[in-house]
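Residue-level structural notes
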Amino acid sequence: MDNKTNGRFIVFEGIDGSGKSTQIKQISRRLKISGYTVYSTFEPTDGPIGSLIRQMLSGELATDQRTIASLFAADRTDHLVNMENGIRHKVDQGAVVLCDRYYFSSYAYHAQYMDMEWVIHANSLNADILRPDVTIFIDVDPKICFERIKNSRSSFEMYEKIDIMKKVRTNYFKAFDALKGLETIAVIDGNSTMEAVENTILNEVKKVIKIS
Ligand code: TYD
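These lines cover the structure that appears in this document, whether it is placed above or below. (Residues numbered from 1 in each chain as written. Predicted model: local features only at pLDDT ≥ 70, side-chain atom pairs only at ≥ 80, totals over all residues. Heavy atoms only, no water.)

Focus: the pattern of salt bridges
Going through the model one piece at a time under the given rule, you end up with twelve salt bridges. The shortest N-O distance in the salt bridge between Glu198 and Arg30 comes to 2.6 Å. Placement of Glu198 in helix α10 (residues 194–208) and of Arg30 in helix α1 (residues 20–33) is noted, with a sequence separation of 168 residues between them. One salt bridge in this structure joins Asp92 and Arg88, with 2.7 Å as the shortest N-O distance. Here Arg88 and Asp92 lie together in helix α4 (residues 87–92), a separation of four residues that amounts to about one turn. Residue class for Asp92 comes out exposed when judged on its relative accessible area of 53%. (Salt bridge = Lys/Arg side-chain N within 4 Å of Asp/Glu carboxyl O. Helix = DSSP H or I, 4+ residues; strand = E, 2+ residues; numbered from the N terminus. Buried < 20%, exposed > 50% of the residue type's maximum accessible area, 1.4 Å probe, protein only.)

Below, the structure is given as structure tokens:
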């Protein structure tokens, strides 16, 4: 069977500064060379709900953490089903969708402020619409991530503080544990070179897709 005709949904997760976007670019390049149709996307989206969220994360709009958590779930539903470029449609058309963050980000980030069970429940509709073929978690030491962010930016978003990043990492592992029977998760050691991390990720991608 030629898997190239079958769409896939591959999610990348990690704390801020873990190198998700760089790795997504590399994996996208490798898949395209092998003939796959690749669609890269991200959350929060650049749609209307995602734009509202970004204004909140930058501090431009004052808000409450529960409101942010609810908006992320709504942004995700729109990201999945909107008629223009919804993920569900792309996967159905046969694309390999690479997504920078999905519901595990919600579980990890919002469980700092509310019950993780609530966040999982708030996203159950999204899980019903589409579960990732694999969620790749790039695990990088929060201290390294924080240094990377500090050296590359002049302003910081709401969650870009070292103690928050440590808590978020812990929450990711709690969520992986809570959902281990339902979800396919690959934890990658992201502390080595970019090329080594890329190759490890590619091996995980190969498990759900055929690469020449
Ligand atoms: P991020 O991937 O860092 O985007 P960018 O690098 O383009 O700014 O995401 C922005 C922030 O959003 C990040 O701190 C994590 C947070 N976030 C949540 O709190 N909940 C979610 O459900 C998602 C998808 C992201």
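Here the narrative resumes, following the displayed structure.
Describing the pairing of strand β4 (residues 134–139)
Burial runs high along β4: six of the six residues are buried. The alternating pattern of β4 places Val134, Ile136 and Ile138 and Thr135, Phe137 and Asp139 on opposite faces, both of which are buried. Pairing geometry for strand β1 (residues 8–13) and β4, over four bridges, is parallel. Residue Phe12 lies in a different strand from β4, and its bridge partner there is Ile136. (Pairing = 2+ DSSP bridges.)

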